[in-house]
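So you can see what is in the structure, the chains are spelled out below.
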Amino acid sequence: QVQLVESGGGLVQAGGSLRLSCAASGRTSNTYGWAWFRQVAGKERDFVAALSWTGSSTYYATSVKGRFTISRDNTKNTVYLQMKSLTPEDTAVYYCAARLNSGSYYARASYGYWGQGTQVTVSS
């Protein structure tokens, strides 16, 4: 089992920045990487960013490329999502996920553990 706890969400004005954190615990050595997804009420949960297990590769949704950065601190077992130049369209609940197989980094089906989510609201 892997437990994921997100934090760092909140209310920010358009153009501002936020950093989300995802603290991981449990059998993290059994994972194949990490990701952030986001979901707006009534819509599907969409891919945002992913990081390979080695940390050598990153993947981003087109809508966030150049604005968001995924990273991790192995000493703290924590994955981060640094978000800059936020727009109201970034408003969503953001979820951290642990990848459990070698499927696509972009697909929800590749991730077997999820956090509870943290709300990000960007005001115009």
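Residues numbered from 1 in each chain as written. Predicted model: local features only at pLDDT ≥ 70, side-chain atom pairs only at ≥ 80, totals over all residues. Heavy atoms only, no water.

(A) View of the side chain of Ser-110. As for its position among the elements, Ser-110 is in the loop between strand S9 (92–99) and strand S10 (111–114). In contact with Ser-110, other than residues within four places in its own chain, are Ala-98, Arg-99, Leu-100, Asn-101, Gly-103 and Ser-104. (Helix = DSSP H or I, 4+ residues; strand = E, 2+ residues; numbered from the N terminus. Contact = heavy atoms within 4.5 Å.)

(B) Representation of the nonpolar core in the model. Trp-36, Leu-81, Met-83 and Tyr-94 are the most contacted members of the largest nonpolar core, which totals 34 residues. Of all elements in the fold, only strand S1 (2–7), strand S3 (18–26), strand S4 (33–39), strand S5 (45–52), strand S7 (68–73), strand S8 (78–83), S9 and strand S11 (118–123) reach the threshold of two or more residues within this core. (Core = buried A, V, L, I, M, F, W, Y, C linked by side-chain atoms within 4.5 Å. Buried < 20%, exposed > 50% of the residue type's maximum accessible area, 1.4 Å probe, protein only.)

(C) Fine view of the packing of aromatic side chains. Applying the stated criterion across every chain yields a total of seven aromatic pairs. For the ring pair Phe-37 and Tyr-111, a centre distance of 5.3 Å and an interplane angle of 75° mean the geometry is edge-to-face. Pair noted here: Phe-37 is in strand S4 and Tyr-111 is in strand S10, with a separation of 74 residues, a long-range link. With a relative accessible area of 1%, Phe-37 lands in the buried category. Joined through ring pairs, the aromatic side chains of Phe-37, Phe-47, Tyr-59, Tyr-105, Tyr-106, Tyr-111 and Trp-114 make up one cluster. Against the face of Tyr-95 rests Arg-45, its NZ or CZ located 3.5 Å from the ring centre. Taking the ring centre of Trp-53 as reference, the NZ or CZ of Arg-72 above it sits at 5.3 Å. (Phe/Tyr/Trp six-rings, centres within 6.5 Å; stacked < 30°, edge-to-face > 60°. Lys NZ or Arg CZ within 6 Å of the ring centre and 35° of its normal.)

(D) A look at the environment of Thr-28. By secondary structure assignment, the location of Thr-28 is in the loop between S3 and S4. Spatially, the C-alpha atom of Thr-28 lies 24 Å from that of Gln-39, the residues being eleven residues apart in sequence. If near-sequence neighbours (up to four positions away) are discounted, Thr-28 is found in contact with Val-2, Trp-34, Trp-53 and Asn-77.

(E) Focus on the pairing of S4. Among the seven residues of S4, six are classified as buried, and the element is accordingly described as predominantly covered. The sheet contact formed by S4 and S5 spans seven bridges and is antiparallel. By the bridge assignment, Arg-38 is partnered in S5 with Asp-46. Joining the antiparallel neighbours S4 and S5 is a turn of five residues, in which Gly-42 adopts a positive phi near 85°. Relative to S9, S4 is paired through six bridges, and the arrangement is antiparallel. Bridging across to S9, Trp-34 finds its partner in Ala-98. (Pairing = 2+ DSSP bridges.)

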